[in-house]
Amino acid sequence: RGGMPARALATAFDAVVFDKDGTLLDFAATWNPAIYDAICESAGSDGQLRARIANVLGFDMALREPLPEAPVVHMGNSELIELLTPHTDGRALLDAAAAKVVAHVTPAAHASELLRA
């Protein structure tokens, strides 16, 4: 809805749904590729930096998925930025992941049935 005035945009929706537990979106299919892409973009061709960033976030680059108890899944943005700061621009990495997630949005298996209920 680009280009809409803020007031019009604010009234363009009847509801906003936040899904943090995978009820509506398939977390792995939606976020894992976005996180992977953001790490690669942030590190560029520097493989050692890529490995350090992935380690800090708890993200397995070979499997392209977060490890159990990964900070990237369980911490808030401000905490992640603080963890990333010695290695890269944490805010830019998180912004890149958020921008990239749009290309990977994948509904959960029964999302449409749940929304119709």
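Everything discussed here concerns the structure shown above.
A quick note: this is a predicted structure, and the numbers were derived from the prediction, not measured.

J.: Would you mind going over the overall build of the chain in detail, with residue names and values included?
T.: For the chain, the count of helices and strands is 7 helices and 2 strands. If you list the helices and strands of the chain from N to C, you get α-α-α-β-β-α-α-α-α. Taking all 117 residues of the chain together, 29% fall into the buried category. Nonlocal contacts in the chain, meaning residues at least 24 apart in sequence, comprise 56% of its contacts between residues at least 6 apart. Looking at the chain as shown, the accessible area adds up to about 7800 Å², and 56% of this sits on carbon and sulfur atoms.

J.: Tell me about the nonpolar core, and name the residues and values.
T.: Judged by nonpolar contacts, the single largest core of 22 residues is most densely connected at Ile39, Ile53, Leu57, Phe59, Met61, Leu84 and Leu93. Of all elements in the fold, only helix H2 (27–43), helix H3 (47–57), helix H5 (77–84) and helix H6 (90–101) reach the threshold of two or more residues within this core. The dominant element in this core, judged by the number of residues it contributes, is H2, at 6 residues. Apart from residues lying up to four places away in sequence, Leu93 is in contact with Ala38, Ile39, Ser42, Ile53, Leu57, Leu84 and Thr88.

J.: Tell me about the side chain of Thr30, and please be specific about residues and values.
T.: Position of Thr30 among the secondary structure elements: in helix H2. For Thr30, a relative accessible area of 1% corresponds to the buried category. From its side chain, Thr30 meets the backbone oxygen of Asp26 in a polar contact 2.9 Å long.

J.: Any chance you could break down the pattern of salt bridges for me, citing the residues and the numbers?
T.: The final tally for this structure, using the stated rule, is 2 salt bridges. One salt bridge in this structure joins Glu41 and Lys100, with 2.8 Å as the shortest N-O distance. Of the two residues, Glu41 sits in helix H2 while Lys100 sits in helix H6, which places them 59 residues apart along the sequence. With a shortest N-O distance of 3.4 Å, Asp95 and Arg91 are connected by a salt bridge. Of this pair, Asp95 and Arg91 are both found in helix H6, 4 residues apart, which corresponds to roughly one turn of the helix. Judged by its relative accessible area of 42%, Asp95 is partly exposed. In this structure Arg91 comes out as partly exposed when scored by relative accessible area, which is 39%.

J.: Hey, could you go over unusual backbone geometry for me, with residue numbers and the actual values?
T.: Most peptide bonds take the trans form, and the phi angle of most residues other than glycine is negative. Even without being a glycine, Arg64 presents a positive backbone phi close to 60°. Within the secondary structure, Arg64 is located in the loop between strand E1 (59–60) and strand E2 (65–66). Residue Arg64 is classed as partly exposed on the basis of its relative accessible area, which comes to 45%. Of note, Glu69 is a non-glycine position whose phi angle comes to about 65°, a positive value.

Criteria and cut-off values
- Residues numbered from 1 in each chain as written.
- Predicted model: local features only at pLDDT ≥ 70, side-chain atom pairs only at ≥ 80, totals over all residues.
- Heavy atoms only, no water.
- Helix = DSSP H or I, 4+ residues; strand = E, 2+ residues; numbered from the N terminus.
- Buried < 20%, exposed > 50% of the residue type's maximum accessible area, 1.4 Å probe, protein only.
- Contact = heavy atoms within 4.5 Å.
- Areas by Shrake-Rupley, 256 points an atom, 1.4 Å probe, with all protein chains shown as cover.
- Core = buried A, V, L, I, M, F, W, Y, C linked by side-chain atoms within 4.5 Å.
- Polar contact = N/O pair within 3.5 Å; in protein donor to acceptor, adjacent residues only side chain to side chain.
- Salt bridge = Lys/Arg side-chain N within 4 Å of Asp/Glu carboxyl O.

Read these as geometric descriptors, not functional statements.
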